[in-house]
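# Breakdown of the fold
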Amino acid sequence: MTGPATPTARVKVIAYDAALNSSEDVSDADFEIYDPAAGVTQREIPSRLVVVAGMPNPVTESTRIRFGLPAAGRVELDVFDVSGRKVSTLPSGLYSSGYHEVEWRPDAGSFGSGIYFLRVRFGQEEVTTKIVVWR
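In this report, we go over the structure that sits alongside the text. Given the structure is predicted, the values throughout are model-derived calculations rather than measurements.

## Focus on the pairing of strand 3 (residues 22-26)
With 5 bridges joining them, strand 2 (residues 12-16) and strand 3 adopt antiparallel strand pairing. Across the sheet, residue Ala 15 finds its bridge partner in strand 3, namely Ser 23. Linkage of strand 2 to strand 3, two consecutive antiparallel strands, is achieved through a turn of 5 residues, within which Leu 20 is found at a positive phi near 70°.

Right under this line is the structure:
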């Protein structure tokens with residue numbers, strides 16, 4: 001980790017072309033930077049739903065999906081293809097507050113190379129993130 005942990009990080013990207021013209025963009029939503037080596041503390045209970053999807057990403061055989069909850073409650077984890085069709089449901093159910101991790105193993109017979117979307121729902125909150133499968 002190169003900086004301090006924070007629950008409200010954003011990324012700003014500035015791109016330059018050969019003529020030094022520039023364009024920039026800032027991430028649309030906050031994300032959390034945490035130090036997993038620090039152990040679980042009250043500080044590591046997020047103030048809202050946090051999703052860290054796809055470690056590794058692209059996925060060849062399996063990927064770990066980490067999510068954090070501000071309170072105990074029901075979580076739904078679903079994977080969709082680019083057409084919006086639900087293609088997989090991960091271990092959903094009741095989870096305690098704090099961070100949790102699940103594994104997704106996209107079966108080679110059912111999941112070809114391509115882009116998939118993981119949707120995590122918790123109460124009124126919903127986060128969707130992209131996962132790339134590479135065969």
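## Considering the pairing of strand 8 (residues 86-89)
Both strand 7 (residues 73-80) and strand 8 contribute to a ladder of 3 bridges, which runs antiparallel. Looking at strand 8, one finds that Asp 78 is bridged to Thr 89. Count of turn residues in the strand 7/strand 8 antiparallel hairpin: 5 residues, of which Gly 84 carries a positive phi of about 90°.

## Looking at the sheet that holds strand 6 (residues 63-69)
In space, the 3 strands of this open sheet follow the order 5-6-10, with antiparallel pairing throughout. Two strands lie at the open edges of the sheet, namely strand 5 (50-55) and strand 10 (98-104), each paired on one side alone. When the angles between neighbouring strand axes are averaged without regard to direction, this sheet yields 15°. Bridge analysis of strand 5 against strand 6 gives 4 bridges, and the strand direction is antiparallel. Bridging across to strand 6, Val 51 finds its partner in Phe 67.

## Considerations on the environment of Ser 92
The topology assignment puts Ser 92 in the loop between strand 8 and strand 9 (93-95). Accessibility expressed as a relative area gives 30% for Ser 92, which makes it partly exposed. When the C-alpha positions of Ser 92 and Val 120 are compared, they lie 9.3 Å apart, and in sequence the two are 28 residues distant. Filtering out sequence-adjacent residues up to four positions away, Ser 92 remains in contact with Arg 74, Val 75, Glu 76 and Leu 77. Of the polar contacts made by the side chain of Ser 92, one reaches the backbone nitrogen of Leu 77; its length is 3.0 Å.

Reading the values: the criteria
- Residues numbered from 1 in each chain as written.
- Predicted model: local features only at pLDDT ≥ 70, side-chain atom pairs only at ≥ 80, totals over all residues.
- Heavy atoms only, no water.
- Pairing = 2+ DSSP bridges.
- Helix = DSSP H or I, 4+ residues; strand = E, 2+ residues; numbered from the N terminus.
- Axes fitted to C-alpha atoms, helices over the stretch in contact; angles between N-to-C directions.
- Buried < 20%, exposed > 50% of the residue type's maximum accessible area, 1.4 Å probe, protein only.
- Contact = heavy atoms within 4.5 Å.
- Polar contact = N/O pair within 3.5 Å; in protein donor to acceptor, adjacent residues only side chain to side chain.

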